[in-house]
Amino acid sequence: MLDEFTSEPRIAYFTMEIALRNEIPTYSGGLGILAGDTLRSSADLELPLIGVSLVSRAGYFRQEIAPDGSQIEHPIFWEPRDWCAPSEAKIAVEIDGNEVWVRGWIYILQSQAGGREPVLLLDTDLNENRPEDREITHYLYGGDEAYRLKQEIILGIGGVRLLYALGFHIRQFHMNEGHSALLALELLRRNAYPVLGVRPGESPYDIPQVRELCNFTTHTPVEAASDRFSYDLVRKFLGDFVELRILKSLAGESNLNMTQLALNLSEYVNGVARSHAEVAGKMYPGYHVHAVTNGIHPFTWVCPNFSVLYDTHLPGWAHEPDYLVRADRLPDDSVWEAHTHAKRVLLDRVNALCGANLDPDKPILGFARRMTAYKRPDLLFSDLERLKAIASRHPFQIMLAGKAHPRDNGGKELIKLLHRHMAELAGAIPIVFLPNYDMEIAQYLVAGVDVWLNTPLRPLEASGTSGMKAALNGVPNLSVLDGWWIEGWIEDVTGWAVCGTSDCSENGDAQSLYDKLENKVLPLYYDNRPGWIAVMKGAIGKNASYFNSHRMMRRYATEAYIR
Ligand SMILES: *Cc1c(COP(=O)(O)O)cnc(C)c1O
């Protein structure tokens with residue numbers, strides 16, 4: 001069944017998480033959505049990629065919210081057999097002296113334009129394995145340091161071995177974040193010089209050859225966020241897989257730093273927005289960090305009504321989203337009607353789900369993403385009196401959603417805090433928190449709200465992609481100038497900035513957010529509908545035409561994969 005894909009050389013795209021479809025819970029947030037959109041655009045463009053990830057049989061988790069706002073996590077076991085075919089080949093990786101067998105599940109991603117892209121989901125849940133090893137690929141981002149290292153051994157080393165065992169010819173490897181960097185160690189071993197040819201003190205590996213094969217995309221401007229493993233643990237699990245002296249020279253002297261390993265073994269390195277690449281360049285002096293700003297997959301993130309509208313007025317847009325630059329041609333009435341319909345769909349779902357009773361004639365502010373400290377979901381609630389005063393003049397409603405990582409206590413506290421604010425604002429501002437944020441909720445949320453908010457702490461939002469999804473559906477952004485929004489923002493044309501380009505304090509950001517809502521955003525919504533629709537069209541024409549994964553993949557293809 002793989003002949004169709006093994007007949008031509010491919011780019012192997014390695015990622016710890018991937019959002020293939022809503023029924024397959026192998027993703028936690030933006031990184032996995034990006035991986036899915038990468039493969040989806042590649043399928044549309046018929047770029048020969050193959051995705052490699054873990055099967056994460058127990059998923060990330062299903063989020064339930066207790067009445068006090070506490071997050072309750074439930075595993076979501078899914079059945080790979082329902083969506084994938086098992087690979088014929090199996091390979092083994094030695095971990096801690098035990099052979100761990102790995103099989104792949106092959107998922108075929110199908111483009112609406114006809115292209116097909118294979119994705120290999122690695123699975124250790126096999127009869128041959130010891131019970132504890134069968135669980136290595138169960139829990140996405142679960143477990144302790146040892147569990148994580150085992151997962152990354154399976155992903156990086158197991159992934160390369162299985163690709164070759166299945167007959168793939170790989171022309172380039174792409175590491176989506178550092179989790180998969182051990183793949184480069186497997187490549188070192190495959191590119192070792194014959195022992196007799198190595199002079200003492202020299203590397204026994206053809207490092208330049210491995211670098212030629214590898215590309216690395218870094219996703220976080222926080223140095224401390226990269227995975228690190230103690231060499232004691234690495235030696236315990238992998239023995240002398242790669243000579244320790246060489247490993248330390250590539251991955252750090254004190255511990256194995258996955259980012260450093262990826263940087264040192266990749267010829268092409270990039271950040272995910274211009275400002276992020278600049279920050280990363282400063283974090284890693286001596287490395288050239290290119291900028292390829294993220295994008296979203298148009299056909300996946302457009303709501304049905306805008307899809308029809310674009311088909312009518314801008315045919316071919318889904319394959320060539322650059323065409324959305326002609327959004328000025330869209331009739332105002334039709335834009336408003338498509339949005340009103342998307343809002344109706346959202347409200348019907350939310351009212352049914354939460355028993356809320358939101359008003360379709362009042363604007364909705366949307367905020368949904370991973371709940372974690374730097375994203376500051378609480379910034380909007382910094383001054384409840386001010387917020388109420390604004391709402392008394394220009395009523396608005398709020399929709400929130402997002403999961404916190406099970407070990408991110410700060411993130412969980414934020415969800416509780418949001419629920420306390422909801423109670424405090426009851427009667428003054430209708431607010432709903434939608435539990436279990438996932439791909440499907442994101443699809444109707446980004447299309448159905450009126451304004452998309454993002455208020456991260458600069459410069460920690462490497463890119464952000466949910467605002468791009470909103471723009472594609474004619475929903476303007478009101479955001480802190482960080483990540484992609486620095487590139488996408490044109491004041492009053494594509495949306496609005498919270499604070500300027502200079503640094504603001506926390507209080508400054510909150511004041512600016514309130515000022516913009518009170519003086520610009522809400523009055524425009526209520527008093528100048530044509531002006532509002534012009535901003536909606538600005539978001540489509542000037543943001544969605546550019547911040548899509550078709551453009552992103554064309555750039556990876558021409559600048560990273562072919563070089
Ligand atoms: C797009 C998306 C994200 C990423 O949101 P950001 O605002 O970029 O952090 C996270 N989760 C889901 C389910 C998404 O669809």
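1. Side note on the overall build of the chain
Scanning the chain from N- to C-terminus turns up 21 helices and 19 strands. Computed over the C-alpha atoms, the radius of gyration of the chain is 24 Å, within 12% of the 24 Å expected from 2.2 N^0.38 for a compact globule of 563 residues. Expressed along its principal axes, the backbone C-alpha trace of the chain runs to roughly 80 × 50 × 45 Å. Counting all 563 residues of the chain, 62% fall into the buried class. Restricting to contacts in the chain with at least 6 residues of sequence separation, those with at least 24 account for 71%. Surface accessibility of the chain: about 20800 Å² in total, with carbon and sulfur atoms responsible for 50%. Separation between the mean location of the 55 positive side-chain charges and that of the 71 negative ones in the chain comes to 1 Å.

2. A closer look at the domain arrangement of the chain
What the domain assignment reports for the chain is domain 1 (3–294 + 552–561) and domain 2 (299–547). The distance between the C-alpha centroids of domain 1 and domain 2 comes to 32 Å. Counting each side, the surface lost to burial between domain 1 and domain 2 is near 3000 Å², with a carbon and sulfur contribution of 55%. Glu 73 is paired through a salt bridge with Lys 412; the nearest N and O atoms lie 3.0 Å apart. One can count 15 residue pairs in polar contact (both at pLDDT 80 or more) joining domain 1 with domain 2. Among the secondary structure elements, those contributing two or more residues to the side of domain 1 that touches domain 2 are α2 (30–45), β3 (62–65), β4 (71–74) and α10 (274–283).

3. Concerning the site of the ligand
The full set close to the ligand counts 14 residues, and Arg 369, Lys 375, Thr 465, Ser 466 and Lys 469 are the nearest of them. Within the side chain of Arg 369, one N or O atom sits 2.9 Å away from an oxygen atom of the ligand. Side-chain polar atom of Ser 466 to an oxygen atom of the ligand: 2.5 Å apart, as the coordinates give it. Here the ligand has 390 Å² of accessible area as a free molecule, and 96% of this is covered by the chains. Sorting the residues of the shell around the ligand by element identifies α2, α16 (439–448) and α17 (466–472) as the ones contributing at least two each. For the shell around the ligand, the per-class residue count stands at 5 nonpolar, 5 polar and 4 charged. Both domains that meet at the shell around the ligand, namely domain 1 (3–294 + 552–561) and domain 2 (299–547), each give it at least three residues.

4. Observations concerning the packing of aromatic side chains
Taken as a whole and judged by the stated rule, the model has 13 aromatic pairs. Between the aromatic rings of Tyr 525 and Tyr 526, the centroid separation amounts to 5.5 Å while the plane-to-plane angle is 85°, which identifies the pairing as edge-to-face. By relative accessible area, which is 31% here, Tyr 526 ends up partly exposed. Judged by centre distance (5.1 Å) and plane angle (85°), the rings of Tyr 525 and Trp 532 are edge-to-face. Its relative accessible area of 1% is what places Trp 532 among the buried residues. Connected via pairs of aromatic rings, a cluster forms that spans Trp 336, Trp 496, Tyr 525, Tyr 526 and Trp 532. Between Arg 326 and the ring centre of Tyr 323, over which it is positioned, the NZ or CZ distance is 5.9 Å. Its guanidinium or amino end placed over the ring of Tyr 546, Arg 551 lies 4.2 Å from that ring's centre, counting from NZ or CZ.

5. Digging into the pairing of strand β8 (residues 170–176)
Here β8 lies mainly inside the structure; 6 of its 7 residues are buried. Here 4 bridges tie β8 to strand β9 (residues 214–217), and the two strands are oriented parallel to one another. Looking at β9, one finds that Met 175 is bridged to Phe 216.

6. Overview of the sheet that holds strand β14 (residues 364–368)
Here we have 6 strands laid out as an open sheet, ordered β16-β15-β14-β17-β18-β19, and parallel in their pairing. If you trace the sheet from one side to the other, it starts and ends with β16 (431–434) and β19 (495–498), each paired once. Taking each pair of neighbouring strands and ignoring which way they run, the sheet shows an average axis angle of 20°. Relative to strand β17 (residues 451–454), β14 runs parallel, the two sharing 2 bridges. For Gly 366, the partnering residue across the bridge sits in β17 and is Trp 452. Most of the contacts of helix α15 (residues 409–424) go to β16, to which it runs at about 150°, and overall it touches β15 (397–401) and β16.

7. Points about the packing of helix α7 (residues 231–238) against helix α8 (residues 244–251)
Contact pair α7 / α8: the axes reach a minimum separation of 13 Å and the direction vectors enclose 135°. One finds that α7 runs oblique with respect to α8. The two elements α7 and α8 meet at a crossing, and its hand is right-handed. Of α8, the residues touching α7 (which contributes Tyr 231, Val 234 and Arg 235) are Leu 244, Leu 247, Lys 248 and Ala 251. Residues of the contact of α7 with α8, tallied by class, amount to 5 nonpolar, no polar and 2 charged.

8. Remarks on α15
Compared with the 22 Å implied by 1.5 Å per residue over 16 residues, the 23 Å span of α15 between its first and last C-alpha is a close match. Buried within α15 we find Gly 411, Lys 412, Leu 414, Ile 415, Leu 418, His 419, His 421 and Met 422. Buried-residue contacts for α15 involve β3, β4, α14 (384–393), β15 and β16.

9. Brief notes about the sheet that holds strand β12 (residues 268–271)
With respect to topology, 9 strands assemble into an open sheet ordered β5-β6-β7-β2-β1-β8-β9-β12-β13, the strand pairing being mixed. In this open sheet, the two edge strands, each paired with only one partner strand, are β5 (85–95) and β13 (289–291). Sheet twist, expressed as the mean angle between neighbouring strand axes with direction ignored, is 25°. For β5 and strand β6 (residues 98–110), the ladder comprises 8 bridges, and the chain directions are antiparallel. Within the sheet, the bridge partner assigned to Val 93 lies in β6 and is Val 100.

10. Let's talk about unusual backbone geometry
In this chain, Arg 458 is followed by Pro 459 through a cis amide linkage whose omega measures -5°. Following the sequence through the fold, Pro 459 ends up in the loop between β17 and α17. The phi torsion at Glu 177 lies on the positive side, around 75°, for a residue other than glycine. Within the secondary structure, Glu 177 sits in the loop between β8 and α5 (183–190).

11. A few points about the pattern of salt bridges
Close approach of charged atoms allows side chains of opposite charge to pair. Per the counting criterion, the structure on display carries 40 salt bridges. Between Asp 227 and Arg 148 there is a salt bridge, and its shortest N-O distance comes to 3.1 Å. One end of the pair, Asp 227, is in the loop between β9 and β10 (228–230); the other, Arg 148, is in helix α4 (residues 145–165), with 79 residues separating them in the sequence. With a relative accessible area of 16%, Arg 148 lands in the buried category. Linking Asp 359 and Lys 362 is a salt bridge whose minimum nitrogen-to-oxygen distance equals 2.9 Å. Lys 362 gets classed as partly exposed once you look at its relative accessible area, which sits at 28%. Overlapping salt bridges, with partners in common, bring together Arg 57, Asp 123, Asp 125 and Arg 134 in one network.

About the thresholds
Residues numbered from 1 in each chain as written. Predicted model: local features only at pLDDT ≥ 70, side-chain atom pairs only at ≥ 80, totals over all residues. Heavy atoms only, no water. Helix = DSSP H or I, 4+ residues; strand = E, 2+ residues; numbered from the N terminus. Rg over C-alpha atoms; globule rule 2.2 N^0.38 Å. Buried < 20%, exposed > 50% of the residue type's maximum accessible area, 1.4 Å probe, protein only. Contact = heavy atoms within 4.5 Å. Areas by Shrake-Rupley, 256 points an atom, 1.4 Å probe, with all protein chains shown as cover. Lys, Arg positive; Asp, Glu negative; His and termini not counted. Charge placed at Lys NZ, Arg CZ, Asp CG, Glu CD. Domains from an automatic or database assignment. Buried area = accessible area lost by both parts, 1.4 Å probe. Salt bridge = Lys/Arg side-chain N within 4 Å of Asp/Glu carboxyl O. Polar contact = N/O pair within 3.5 Å; in protein donor to acceptor, adjacent residues only side chain to side chain. Near = heavy atom within 4 Å. Nonpolar A, V, L, I, M, F, W, Y, C, P; charged D, E, K, R; others polar. Phe/Tyr/Trp six-rings, centres within 6.5 Å; stacked < 30°, edge-to-face > 60°. Lys NZ or Arg CZ within 6 Å of the ring centre and 35° of its normal. Pairing = 2+ DSSP bridges. Axes fitted to C-alpha atoms, helices over the stretch in contact; angles between N-to-C directions. Parallel < 35°, antiparallel > 145°, perpendicular 65-115°, else oblique. Left-handed = near helix turned anticlockwise from the far one by under 90°. Expected span 1.5 Å × (residues − 1).

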